[in-house]
Amino acid sequence: MASLEQWIKDIPVITRTYMIGAILTTTACALELIDAYALYFSLPMIIKKYQFWRIFTNFFFFGSKFSYDFLFHMFFLARYSRALEEGSFRGRTADFFWMILFASVCLLVMAPFLHLRFLSGSLTFMMVYLWGRRNPFSRLNFLGLFTFNAPYLPWVLLSFSLLLQQEINWSDVCGIFVGHLYYFLEDVYPLMIPSRKRLLKTPAFIESLFHTEEIDQPPIVMADPLAPQDELQADELHPHRD
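Residues numbered from 1 in each chain as written. Predicted model: local features only at pLDDT ≥ 70, side-chain atom pairs only at ≥ 80, totals over all residues. Heavy atoms only, no water.

1. Topic: the nonpolar core
- Counting residues in each nonpolar core, the largest one holds 57 residues, and the members touching the most others are Leu 84, Phe 96, Met 99, Leu 123, Met 127 and Tyr 182.
- For this core, the leading source of residues is helix α6 (residues 93-114), giving twelve residues.
- With residues up to four places along the chain from it excluded, the contact list for Tyr 182 reads Phe 89, Met 99, Phe 102, Met 126, Leu 130, Arg 134, Asp 187 and Leu 200. (Core = buried A, V, L, I, M, F, W, Y, C linked by side-chain atoms within 4.5 Å. Buried < 20%, exposed > 50% of the residue type's maximum accessible area, 1.4 Å probe, protein only. Helix = DSSP H or I, 4+ residues; strand = E, 2+ residues; numbered from the N terminus. Contact = heavy atoms within 4.5 Å.)

Written out as C-alpha coordinates, the structure is:
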(Lines give C-alpha, C1' and ligand atoms only; values in the text may rest on other atoms or scores of the structure.)
Protein backbone atom coordinates (compact mmCIF):
# COMPACT_ATOMS: atom_id res chain seq x y z
CA MET A 1 0.00 0.00 0.00
CA ALA A 2 2.88 2.31 0.85
CA SER A 3 4.48 1.66 -2.54
CA LEU A 4 1.22 2.52 -4.33
CA GLU A 5 0.92 5.75 -2.35
CA GLN A 6 4.50 6.66 -3.20
CA TRP A 7 3.90 5.86 -6.88
CA ILE A 8 0.93 8.22 -6.90
CA LYS A 9 2.92 10.96 -5.17
CA ASP A 10 5.72 10.57 -7.72
CA ILE A 11 3.36 11.35 -10.62
CA PRO A 12 3.65 15.05 -11.62
CA VAL A 13 0.85 17.29 -10.39
CA ILE A 14 -1.04 17.89 -13.67
CA THR A 15 -0.97 14.25 -14.77
CA ARG A 16 -1.89 13.09 -11.27
CA THR A 17 -4.83 15.50 -11.04
CA TYR A 18 -6.12 14.46 -14.46
CA MET A 19 -5.87 10.75 -13.66
CA ILE A 20 -7.58 11.13 -10.28
CA GLY A 21 -10.37 13.15 -11.89
CA ALA A 22 -10.86 10.47 -14.55
CA ILE A 23 -10.89 7.65 -11.99
CA LEU A 24 -13.38 9.48 -9.77
CA THR A 25 -15.63 10.20 -12.76
CA THR A 26 -15.64 6.54 -13.84
CA THR A 27 -16.24 5.42 -10.25
CA ALA A 28 -19.20 7.77 -9.90
CA CYS A 29 -20.67 6.49 -13.18
CA ALA A 30 -20.08 2.84 -12.25
CA LEU A 31 -21.87 3.38 -8.92
CA GLU A 32 -24.65 5.22 -10.78
CA LEU A 33 -24.06 8.36 -8.76
CA ILE A 34 -23.69 10.31 -12.00
CA ASP A 35 -25.37 9.74 -15.35
CA ALA A 36 -22.97 9.79 -18.28
CA TYR A 37 -25.58 11.75 -20.25
CA ALA A 38 -24.98 14.65 -17.87
CA LEU A 39 -21.29 14.78 -18.75
CA TYR A 40 -21.03 14.83 -22.54
CA PHE A 41 -20.27 17.98 -24.53
CA SER A 42 -23.37 19.61 -26.03
CA LEU A 43 -23.54 23.20 -27.23
CA PRO A 44 -27.36 23.37 -27.05
CA MET A 45 -27.33 22.16 -23.44
CA ILE A 46 -24.59 24.65 -22.56
CA ILE A 47 -26.14 27.63 -24.30
CA LYS A 48 -29.84 27.04 -23.71
CA LYS A 49 -29.77 25.32 -20.31
CA TYR A 50 -26.57 26.87 -18.92
CA GLN A 51 -24.97 23.50 -18.16
CA PHE A 52 -21.46 24.92 -18.30
CA TRP A 53 -19.91 21.96 -16.51
CA ARG A 54 -20.16 19.99 -19.76
CA ILE A 55 -17.24 22.03 -21.10
CA PHE A 56 -14.99 20.30 -18.55
CA THR A 57 -16.60 16.98 -17.62
CA ASN A 58 -16.38 15.50 -21.12
CA PHE A 59 -12.57 15.49 -20.79
CA PHE A 60 -12.71 13.28 -17.68
CA PHE A 61 -15.06 10.62 -18.99
CA PHE A 62 -13.31 7.46 -20.20
CA GLY A 63 -16.27 5.12 -19.80
CA SER A 64 -19.03 4.31 -17.34
CA LYS A 65 -17.20 1.25 -15.99
CA PHE A 66 -13.67 -0.01 -15.42
CA SER A 67 -13.34 -1.66 -18.80
CA TYR A 68 -10.33 -2.60 -20.89
CA ASP A 69 -10.74 0.66 -22.80
CA PHE A 70 -10.59 2.62 -19.53
CA LEU A 71 -7.42 0.83 -18.42
CA PHE A 72 -5.92 1.38 -21.87
CA HIS A 73 -6.40 5.14 -21.61
CA MET A 74 -5.16 5.24 -18.01
CA PHE A 75 -1.98 3.51 -19.14
CA PHE A 76 -1.50 6.10 -21.87
CA LEU A 77 -2.05 8.93 -19.41
CA ALA A 78 0.30 7.40 -16.84
CA ARG A 79 2.96 6.83 -19.48
CA TYR A 80 2.85 9.61 -22.05
CA SER A 81 1.32 12.50 -20.13
CA ARG A 82 3.78 11.79 -17.33
CA ALA A 83 6.65 11.42 -19.80
CA LEU A 84 5.89 14.85 -21.24
CA GLU A 85 5.49 16.52 -17.86
CA GLU A 86 8.70 14.99 -16.53
CA GLY A 87 10.54 15.27 -19.83
CA SER A 88 10.28 18.20 -22.24
CA PHE A 89 8.05 20.10 -19.76
CA ARG A 90 10.29 19.35 -16.79
CA GLY A 91 10.20 22.33 -14.42
CA ARG A 92 7.60 24.06 -16.65
CA THR A 93 4.30 23.03 -15.12
CA ALA A 94 2.62 26.24 -16.28
CA ASP A 95 3.62 25.53 -19.87
CA PHE A 96 2.28 21.99 -19.62
CA PHE A 97 -1.03 23.26 -18.23
CA TRP A 98 -1.19 25.87 -21.01
CA MET A 99 -0.57 23.14 -23.59
CA ILE A 100 -3.50 21.11 -22.23
CA LEU A 101 -5.70 24.22 -22.14
CA PHE A 102 -4.81 25.11 -25.74
CA ALA A 103 -5.50 21.55 -26.91
CA SER A 104 -8.81 21.44 -25.02
CA VAL A 105 -10.04 24.67 -26.60
CA CYS A 106 -9.10 23.45 -30.08
CA LEU A 107 -10.92 20.17 -29.52
CA LEU A 108 -14.01 21.95 -28.20
CA VAL A 109 -14.12 24.07 -31.37
CA MET A 110 -13.87 20.98 -33.58
CA ALA A 111 -16.30 18.79 -31.60
CA PRO A 112 -19.63 20.20 -32.94
CA PHE A 113 -18.56 19.74 -36.57
CA LEU A 114 -17.62 16.08 -36.04
CA HIS A 115 -20.39 15.33 -33.55
CA LEU A 116 -17.95 14.34 -30.82
CA ARG A 117 -19.48 14.03 -27.36
CA PHE A 118 -16.47 13.08 -25.24
CA LEU A 119 -13.01 14.51 -25.89
CA SER A 120 -10.96 12.67 -23.28
CA GLY A 121 -9.62 10.20 -25.84
CA SER A 122 -8.72 13.01 -28.24
CA LEU A 123 -6.76 14.86 -25.56
CA THR A 124 -4.89 11.69 -24.63
CA PHE A 125 -4.07 11.02 -28.27
CA MET A 126 -2.82 14.57 -28.65
CA MET A 127 -0.29 13.99 -25.87
CA VAL A 128 0.79 10.69 -27.41
CA TYR A 129 1.40 12.49 -30.72
CA LEU A 130 3.40 15.28 -29.09
CA TRP A 131 5.51 12.82 -27.09
CA GLY A 132 6.30 10.91 -30.27
CA ARG A 133 7.31 14.07 -32.12
CA ARG A 134 9.65 15.12 -29.33
CA ASN A 135 11.25 11.68 -29.15
CA PRO A 136 11.93 10.94 -32.83
CA PHE A 137 14.65 8.37 -32.19
CA SER A 138 12.88 6.31 -29.52
CA ARG A 139 12.10 2.77 -30.69
CA LEU A 140 8.81 1.08 -29.79
CA ASN A 141 7.64 -2.51 -30.15
CA PHE A 142 4.02 -3.19 -31.07
CA LEU A 143 2.74 -6.48 -29.66
CA GLY A 144 6.06 -8.12 -30.50
CA LEU A 145 5.22 -7.91 -34.20
CA PHE A 146 7.39 -5.03 -35.37
CA THR A 147 9.36 -2.04 -34.14
CA PHE A 148 9.09 1.55 -35.24
CA ASN A 149 10.15 5.06 -34.26
CA ALA A 150 8.03 6.95 -31.72
CA PRO A 151 6.55 9.51 -34.17
CA TYR A 152 4.69 6.67 -35.89
CA LEU A 153 2.96 5.53 -32.67
CA PRO A 154 -0.29 7.51 -33.21
CA TRP A 155 -0.56 6.19 -36.76
CA VAL A 156 0.06 2.61 -35.65
CA LEU A 157 -2.65 2.92 -32.99
CA LEU A 158 -5.05 4.58 -35.45
CA SER A 159 -4.46 1.81 -37.99
CA PHE A 160 -4.96 -0.86 -35.33
CA SER A 161 -8.23 0.79 -34.28
CA LEU A 162 -9.36 0.93 -37.92
CA LEU A 163 -8.55 -2.76 -38.31
CA LEU A 164 -10.62 -3.69 -35.26
CA GLN A 165 -13.56 -1.31 -35.68
CA GLN A 166 -13.66 -1.17 -39.49
CA GLU A 167 -14.12 2.59 -39.34
CA ILE A 168 -12.05 5.70 -38.75
CA ASN A 169 -11.92 6.89 -35.16
CA TRP A 170 -12.40 10.63 -35.66
CA SER A 171 -11.75 11.28 -32.01
CA ASP A 172 -8.18 10.04 -32.45
CA VAL A 173 -7.80 11.92 -35.74
CA CYS A 174 -8.71 15.15 -33.94
CA GLY A 175 -6.08 14.38 -31.32
CA ILE A 176 -3.44 13.94 -34.02
CA PHE A 177 -4.48 17.18 -35.75
CA VAL A 178 -4.37 19.26 -32.57
CA GLY A 179 -1.11 17.60 -31.52
CA HIS A 180 0.48 18.51 -34.84
CA LEU A 181 -0.89 22.05 -34.63
CA TYR A 182 0.70 22.54 -31.21
CA TYR A 183 3.95 20.92 -32.35
CA PHE A 184 4.17 23.20 -35.39
CA LEU A 185 3.36 26.42 -33.53
CA GLU A 186 5.60 25.66 -30.55
CA ASP A 187 8.51 23.64 -31.97
CA VAL A 188 8.72 24.40 -35.70
CA TYR A 189 7.42 27.90 -36.40
CA PRO A 190 9.72 29.80 -33.97
CA LEU A 191 12.79 28.10 -35.54
CA MET A 192 11.88 28.84 -39.15
CA ILE A 193 13.10 32.43 -38.70
CA PRO A 194 15.21 33.16 -35.59
CA SER A 195 13.49 36.49 -34.96
CA ARG A 196 10.05 34.90 -34.65
CA LYS A 197 8.47 34.82 -31.22
CA ARG A 198 6.59 31.94 -29.64
CA LEU A 199 2.92 32.17 -30.58
CA LEU A 200 1.95 29.91 -27.69
CA LYS A 201 3.90 31.63 -24.96
CA THR A 202 2.27 30.88 -21.61
CA PRO A 203 0.34 33.91 -20.25
CA ALA A 204 1.81 35.52 -17.16
CA PHE A 205 -1.29 34.90 -15.03
CA ILE A 206 -1.01 31.15 -15.64
CA GLU A 207 2.69 31.19 -14.86
CA SER A 208 1.89 32.92 -11.57
CA LEU A 209 -0.37 30.00 -10.59
CA PHE A 210 2.51 27.56 -10.85
CA HIS A 211 5.46 29.74 -9.87
CA THR A 212 6.45 27.37 -7.07
CA GLU A 213 6.75 24.55 -9.61
CA GLU A 214 8.99 26.41 -12.04
CA ILE A 215 12.46 25.02 -11.36
CA ASP A 216 15.25 24.41 -13.80
CA GLN A 217 16.02 20.71 -13.71
CA PRO A 218 17.11 18.18 -16.32
CA PRO A 219 14.48 15.73 -17.61
CA ILE A 220 14.03 12.34 -16.00
CA VAL A 221 15.09 9.39 -18.13
CA MET A 222 12.16 7.00 -18.44
CA ALA A 223 12.05 3.67 -20.23
CA ASP A 224 8.92 2.98 -22.23
CA PRO A 225 6.95 -0.14 -21.16
CA LEU A 226 6.10 -0.77 -24.80
CA ALA A 227 9.73 -1.06 -25.78
CA PRO A 228 12.22 -2.08 -23.08
CA GLN A 229 15.12 -2.24 -25.49
CA ASP A 230 18.50 -0.61 -26.02
CA GLU A 231 17.36 1.61 -28.89
CA LEU A 232 14.99 3.59 -26.69
CA GLN A 233 16.29 7.02 -25.77
CA ALA A 234 15.30 9.58 -23.17
CA ASP A 235 12.78 12.29 -23.81
CA GLU A 236 14.67 15.15 -25.41
CA LEU A 237 14.92 18.37 -23.46
CA HIS A 238 12.74 21.00 -25.06
CA PRO A 239 14.16 24.34 -23.85
CA HIS A 240 11.94 27.23 -22.94
CA ARG A 241 12.09 29.90 -25.61
CA ASP A 242 11.17 33.46 -24.85
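The structure having been displayed, the exposition proceeds.
2. As for the packing of aromatic side chains
- Under the counting rule described, the total for this entry stands at 18 aromatic pairs.
- When the ring of Phe 72 is compared with that of Phe 76, the centres are 4.5 Å apart and the planes differ by 40°; the resulting orientation is tilted. Placement of the pair is Phe 72 and Phe 76 together in helix α5 (residues 68-86), with a separation of four residues, close to one helical turn.
- For Phe 76, a relative accessible area of 5% gives the class buried.
- Between Phe 89 and Phe 96 the ring centres are 5.3 Å apart and the planes differ by 65°, which places this aromatic pair in the edge-to-face class. Each member of the pair Phe 89 and Phe 96 is classed as buried.
- Members of the aromatic cluster, connected to one another through ring pairs, are Tyr 68, Phe 72, Phe 75, Phe 76, Tyr 80 and Trp 131. (Phe/Tyr/Trp six-rings, centres within 6.5 Å; stacked < 30°, edge-to-face > 60°.)

3. Section: the pairing of strand β2 (residues 146-149)
- Inspection of the sheet shows strand β1 (residues 139-142) paired to β2 by four bridges, in the antiparallel sense. Note on β2: the bridge partner recorded for Leu 140 is Phe 148.
- The antiparallel pairing of β1 with β2 creates a hairpin that spans three residues between the two strands, and Leu 143 there sits at a positive phi of about 55°. (Pairing = 2+ DSSP bridges.)

4. Focus: the layout of surface pockets
- For the largest pocket, the calculated volume is near 850 Å³.
- If you go around the largest pocket, you meet 31 residues; those closest to its centre are Asp 69, Phe 72, His 73, Asn 169 and Asp 172.
- Contributions of two or more residues to the lining of the largest pocket are made by α5, α7 (120-133), β1, α8 (153-165) and α9 (170-192).
- Its residues assigned to classes, the lining of the largest pocket shows 19 nonpolar, ten polar and two charged.
- Taken together, 14 residues make up the lining of the second largest pocket; nearest its centre are Phe 56, Phe 60, Phe 97, Ile 100 and Ser 104.
- When contributions to the lining of the second largest pocket are tallied by element, the ones reaching two or more residues are α2 (13-30), α4 (54-57) and α6. (1 Å grid on protein atoms, 1.4 Å probe; cavity = no way out; pocket = protein on both sides within 12 Å on 5 of 7 lines; lining within 4 Å. Points joined across faces, edges and corners; volume = space filled by probe spheres on them. Nonpolar A, V, L, I, M, F, W, Y, C, P; charged D, E, K, R; others polar.)

5. Some words on the environment of Thr 93
- Secondary-structure assignment places Thr 93 in helix α6.
- Thr 93 gets classed as buried once you look at its relative accessible area, which sits at 6%.
- Separated by 116 residues in the primary sequence, Thr 93 and Leu 209 have C-alpha atoms spaced 9.5 Å apart.

6. A closer look at α2
- For α2, with 18 residues, the first-to-last C-alpha span of 26 Å sits near the 26 Å given by 1.5 Å per residue.
- Those residues of α2 not exposed but buried are Ile 14, Thr 15, Tyr 18, Met 19, Gly 21, Ala 22, Thr 25, Thr 26, Ala 28 and Cys 29.
- For α2, the secondary structure elements touched by its buried residues are α5, α6 and α7.
- Looking one or two residues past α2, Glu 32 carries a phi angle of roughly 60°, positive in sign. (Expected span 1.5 Å × (residues − 1).)

7. What to know about the environment of Val 105
- Within the secondary structure layout, Val 105 lies in helix α6.
- Of the residues examined, Val 105 reaches a relative accessible area of 45% and is grouped as partly exposed.
- The sequence separation of Val 105 and Val 178 amounts to 73 residues, and the corresponding C-alpha distance is 9.9 Å.

8. Section: the confidence of the model for the protein chain
- On average, residues of the protein chain score 84 in pLDDT, and 86% of them reach the 70 mark or higher.
- Every residue in residues 213-242 is under pLDDT 50, and counting partners more than four places away or in other chains gives 80 contacts. (pLDDT = per-residue confidence, 0-100.)

9. Overview of the side chain of Thr 202
- With respect to the helices, strands and loops of the structure, Thr 202 is situated in the loop between α9 and α10 (204-209).
- Residue classification places Thr 202 among the buried positions, given a relative accessible area of 4%.
- Apart from residues lying up to four places away in sequence, Thr 202 is in contact with Ala 94, Asp 95, Trp 98 and Glu 207.

10. Examining the packing of α2 against α6
- Where α2 contacts α6, the axes come no closer than 9 Å and their chain directions differ by 40°. Looking at the two axes, α2 sits oblique to α6. Where α2 approaches α6, its residues Val 13, Ile 14 and Thr 15 are matched on the opposing element by Thr 93, Phe 96, Phe 97 and Ile 100.
- Taken together, the residues of the contact of α2 with α6 sort by class into five nonpolar, two polar and no charged. (Axes fitted to C-alpha atoms, helices over the stretch in contact; angles between N-to-C directions. Parallel < 35°, antiparallel > 145°, perpendicular 65-115°, else oblique.)

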